[in-house]
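As a plain string of letters, each chain reads:
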Amino acid sequence: MVMRSSPLPRMSRRGRVTVGVLIGVFLLFTLLGWAVEAWTDWLWFDEVQYTQVFTDVLTTRILLFLAVGLAMAVVVGGNLYLAYRLRPLLRPHSAEQATLERYRMVLSPRIGTWIAALAAIIGLFAGLSAQGRWSQWMLFRNAQPFGVKDPEFGVDIGFYVFEYPFWRYLLGVGFTAVVLSVLGALAVHYVFGGVRLQGIGDRMTTAARAHLTSLVAVFVLLKAIAYVLDRRALLLSYNEGTKLYGAGYADINALLPAKEILAYISIVVAIAIVLFSNAVMRNLVWPGVSLALLGISAVAIGGIYPWAVQTFEVNPSVRDKERPYIERSIQATRDAFGLTDTKSANYQANNLVPPATLATDTSVVPNIRLLDPALVSQAFTQLQQVRGFYDFGEKLDIDRYTVNGKTQDYVVGMREINYGKLTEQQGNWINRHTVYTHGYGLVSAPANQVCPGGQPYFVSGFLGEQASKACSSASEQIKVDQPRIYYGELMGQTGADYAIVGQADADRNVEFDRPIGSTGEQGQYYTYDGTGGVEIGSFTRRLLYSIKERESNFMLSDAVTDNSKLLYVRNPRDRVEKVAPFLTIDGDPYPAVVDGRIKWILDGYTTSGTYPYSERINLQAETRDELTGTGTFALAREDVNYIRNSVKATVDAYDGTVTLYQFDETDPVLKAWNKAFGGELVKPKSEIPQELAQHFRYPADLFKVQRNMLSRYHVQDPGDFFSGSDFWEVPNAPDDPDSDVKQPPYYLMTQFPGQDQPRFQLTSAVTPLGRQNLAALISGSYVDDKPQLAVWELPDQTAVSGPVQVHQQMTNTVAQIRTDLNLLQSNQARVLYGNLLSLPFGDGMLYVEPVYVQSNQENAYPLLQKVLLSYGDGSYVVLANSLADGIKELVRQGQQGGAPPPTSGGENPPPTTGGNQALTPELAAAADRVESAWAEVKAARAAGDFEREGRALKAFDDAMTAFQAALNAAGAAPSTPAPSATPSAPPATPSPTPGG
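Conventions and cut-offs
- Residues numbered from 1 in each chain as written.
- Predicted model: local features only at pLDDT ≥ 70, side-chain atom pairs only at ≥ 80, totals over all residues.
- Heavy atoms only, no water.
- Helix = DSSP H or I, 4+ residues; strand = E, 2+ residues; numbered from the N terminus.
- Contact = heavy atoms within 4.5 Å.
- Polar contact = N/O pair within 3.5 Å; in protein donor to acceptor, adjacent residues only side chain to side chain.
- Salt bridge = Lys/Arg side-chain N within 4 Å of Asp/Glu carboxyl O.
- Buried < 20%, exposed > 50% of the residue type's maximum accessible area, 1.4 Å probe, protein only.
- Phe/Tyr/Trp six-rings, centres within 6.5 Å; stacked < 30°, edge-to-face > 60°.
- Lys NZ or Arg CZ within 6 Å of the ring centre and 35° of its normal.

This brings us to the environment of glutamine 426. Mapped onto the secondary structure, glutamine 426 falls in the loop between β7 (416–417) and α13 (429–435). Spatially, the C-alpha atoms of glutamine 426 and tyrosine 436 are 8.3 Å apart, while their sequence positions differ by 10 residues. Once you skip the residues sitting within four places of it in the chain, glutamine 426 turns out to touch Phe389, Lys421, Asn431, Arg432 and Tyr436. Here the side chain of glutamine 426 touches threonine 423 through a polar contact of 3.0 Å, landing on its backbone nitrogen.

Below is the structure:
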């Protein structure tokens with residue numbers, strides 16, 4: 001007699017209660033956290049008046065969660081219950097069945113509960129996965145036609161961009177449901193005796209066989225559907241033969257018909273499985289044979305045959321066989337990345353001698369930018385901060401303004417609060433969140449002007465009286481009615497994203513506004529009165545945000561009053577991403593003064609990764625260069641093969657208002673998103689204010705992508721493209737070519753050949769692949785409010801050097817220049833090179849590179865000391881004290897027609913205070929020491945005594961240090977100028993010096 005095994009031990013009542021309490025507490029805190037996040041998100045979206053984004057996304061997520069989760073639970077749970085209902089009533093006795101009896105005794109009394117619980121868990125995970133597909137579903141529902149058909153099937157591109165991704169996801173859900181159903185049903189059948197491994201008779205009951213084979217047949221039918229989708233997916237695949245995306249010769253002529261044949265075979269196999277296993281032979285032999293034949297067919301038809309075609313027919317003549325498919329890839333990539341309308345022109349650059357017109361030019365030379373936004377940010381911070389917690393970030397921005405009837409580019413920066421620089425006393429919760437709430441002023445300086453000594457010439461963003469008027473205009477030239485900055489790029493970087501404002505106490509302002517007085521020793525205070533922020537005066541709101549921020553001071557502090565507002569999500573980029581989660585935001589937002597207010601301007605991209613035949617790239621990799629992470633944001637690692645700058649967004653720096661403007665009126669992706677959110681999420685292009693449009697600039701990240709694409713896809717002949725002989729590449733940073741970081745593009749207000757007037761444009765030089773001479777210049781600008789890419793291509797065998805070569809030539813070929821640069825750099829200072837600008841001029845190439853010197857002393861900042869210039873093939877090189885002097889010297893060299901003589905910069909006298917400034921005794925003594933030291937340097941050099949010259953240079957460095965200390969003590973300069981062996985005397989007047 002077989003003994004019945006005892007059932008599994010049951011949990012005690014106390015244990016069940018304990019587990020129930022723990023589960024309840026877990027669910028309470030989880031649901032509470034979700035509820036707080038959802039509620040505060042709603043309040044934030046209500047503040048910015050984009051609640052439809054919140055409700056539509058949330059509703060879509062919930063519906064997808066419920067629909068897919070419920071469908072998965074019903075399918076899996078239904079099959080589990082069906083397997084239970086089909087269990088045999090009588091089971092043959094065996095040791096296997098005796099062992100399984102204990103499990104049946106546990107499961108049977110509550111089989112419905114067990115099945116429901118398991119189905120609910122599976123449905124929960126399926127729903128959580130599905131809700132993350134909300135963007136695919138919204139695009140699927142609101143698909144728009146592209147008006148362009150794919151070259152193989154004649155299907156509108158919109159199918160691939162909007163519909164294909166969601167169909168592929170649904171197919172994956174179907175496969176998952178069937179596989180889980182098969183595994184679950186097989187387990188139930190086994191536990192309840194429908195499937196047996198031991199005993200006499202059939203190993204599977206008729207009911208179990210019918211159930212499981214039907215599920216397998218459904219799986220095979222889904223595979224047939226997958227083969228149909230795979231035919232379309234071939235247009236998105238990678239072609240190893242051509243190293244391009246899209247179906248090639250073997251794909252179209254072998255794999256495509258193979259996929260169709262396999263789809264039909266799958267349908268036949270699915271029917272065969274059901275018929276042979278249940279109606280004809282009623283066993284699993286022929287169904288197994290059918291599945292095996294399907295597998296063999298997939299390998300032979302879908303694998304071996306295409307491989308044979310590729311190996312024996314395509315590879316011996318790839319160029320000819322793949323020609324039409326290469327042409328498809330070229331055309332699709334140019335369309336998808338907006339390269340179709342690129343204007344191309346030849347630029348011979350055959351003039352290697354500096355023309356005399358350089359000295360009289362009014363369109364290019366006067367607008368040459370000398371200030372490097374990545375280098376002068378330290379000067380802005382040191383000269384315009386007054387208080388240590390002000391900061392301008394690691395990199396400033398370039399924009400253009402019209403001042404006194406003249407339009408030119410300016411370096412601009414925002415004087416923001418840097419919470420990381422607050423002292424320990426300033427950094428307590430009250431000060432951090434209720435006192436130091438905002439920055440003040442947009443500070444700007446003309447990009448082509450510097451003051452004596454190399455400092456920027458400031459024209460806006462003043463904090464009342466200036467500490468030094470020598471390097472600033474007499475009045476604000478770029479006027480701002482509301483200069484306060486409550487929303488900026490530095491907000492939230494140190495975990496202090498929120499500010500509590502509006503809490504006036506008996507008419508006493510508590511927010512630090514700005515320092516006043518000539519030295520900034522006093523402070524002016526302010527109370528925020530803007531429309532931004534969430535009201536938190538009520539007890540409920542204070543409790544809500546106390547939970548959200550995990551901060552009890554919301555409830556306890558007197559600083560939070562009935563009038564208080566909470567400002568959070570204050571970084572402009574984060575703000576736009578939250579309002580428009582379907583956009584990819586450019587990594588370099590920039591501020592502009594529009595109608596008297598400071599507006600952050602951001603470029604928004606719509607992207608896709610399913611454009612047929614288009615090259616697929618990684619956005620992060622394609623946009624990374626020398627400046628990535630230095631005042632700019634790195635883009636996400638997103639694989640795309642379609643991109644459009646479809647949106648221009650603005651964020652008001654005072655009240656945080658977010659506005660989205662349509663910029664590309666033809667982009668179907670933006671049309672789909674706008675329709676998904678009610679049709680009014682994005683304002684039409686016609687509503688863009690003209691004053692705002694004047695500050696739009698070609699977006700940097702899009703330009704980098706297009707520039708990189710043009711380095712290959714400027715070649716439109718399939719044969720030439722396959723050979724790759726005319727490909728280009730972006731050069732490395734000229735001053736650090738071994739770092740393997742790319743030279744960033746640069747904004748210029750200039751006029752290129754064929755342009756009727758100077759325009760604000762983003763430019764970049766490219767070199768031939770594997771070489772360093774100049775291949776072409778690429779420019780992106782706006783003409784009549786529309787983007788325009790332009791390429792000036794140089795002859796293949798040009799003698800004009802590329803950026804890396806030019807930098808090496810300018811710093812190494814002329815002995816005197818090399819000596820002067822070495823003297824600028826010592827153990828107390830270092831030389832920094834600014835943007836190397838490549839400018840076509842006079843049928844030749846003009847290169848300009850500013851030279852900065854930064855002392856090693858504390859709080860020292862780079863100062864523009866010299867300018868390097870080169871023309872033609874590098875035979876003419878100048879190191880000058882200013883751009884004007886450098887241009888004159890280049891013209892002189894061109895007129896002499898010989899190699900450039902040593903520059904005069906090496907024989908300039910050491911710095912003096914100059915002008916009408918009275919010398920203190922200490923300053924006069926320091927100046928005399930510098931002059932004596934420099935005289936010794938020249939004497940040692942003339943005598944050729946290198947040991948003596950080394951000692952003299954050391955003495956000169958010491959003298960310069962003493963001279964700078966004396967200058968600081970006398971108040972002659974706000975910062976210590978860097979030591980230099982080739983300094984220039986400042987002019988007597990304090991007016992700015994154009995061009996350096």
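Turning to the pattern of salt bridges, a few remarks are in order. The full count for this structure, using the stated rule, is 27 salt bridges. Between aspartate 588 and arginine 697 there is a salt bridge, with the nearest N and O atoms lying 3.1 Å from each other. Of the two residues, aspartate 588 sits in the loop between β17 (584–585) and β18 (590–594) while arginine 697 sits in the loop between α19 (690–693) and α20 (700–713), which places them 109 residues apart along the sequence. Given a relative accessible area of 11%, aspartate 588 falls into the buried group.

For the coordinates displayed, the defined rule picks out 43 aromatic pairs. Plain terms: the ring middles of phenylalanine 159 and tyrosine 160 are 5.4 Å apart, the flat faces sit at 85° to each other, and that makes the pair edge-to-face. Both residues of the pair, phenylalanine 159 and tyrosine 160, belong to the buried class. Its end group placed over the ring of tryptophan 44, lysine 578 keeps NZ or CZ at 5.6 Å from the ring centre.

Another point: unusual backbone geometry. Backbone geometry places arginine 550, a non-glycine residue, at a positive phi of 55°. Within the secondary structure, arginine 550 is located in the loop between α14 (539–549) and α15 (553–556). A positive phi angle is found at aspartate 595, which is not glycine, with a value near 55°. Mapped onto the elements of the fold, aspartate 595 is located in the loop between β18 and β19 (597–608). Owing to a relative accessible area of 60%, aspartate 595 belongs among the exposed residues under this scheme.

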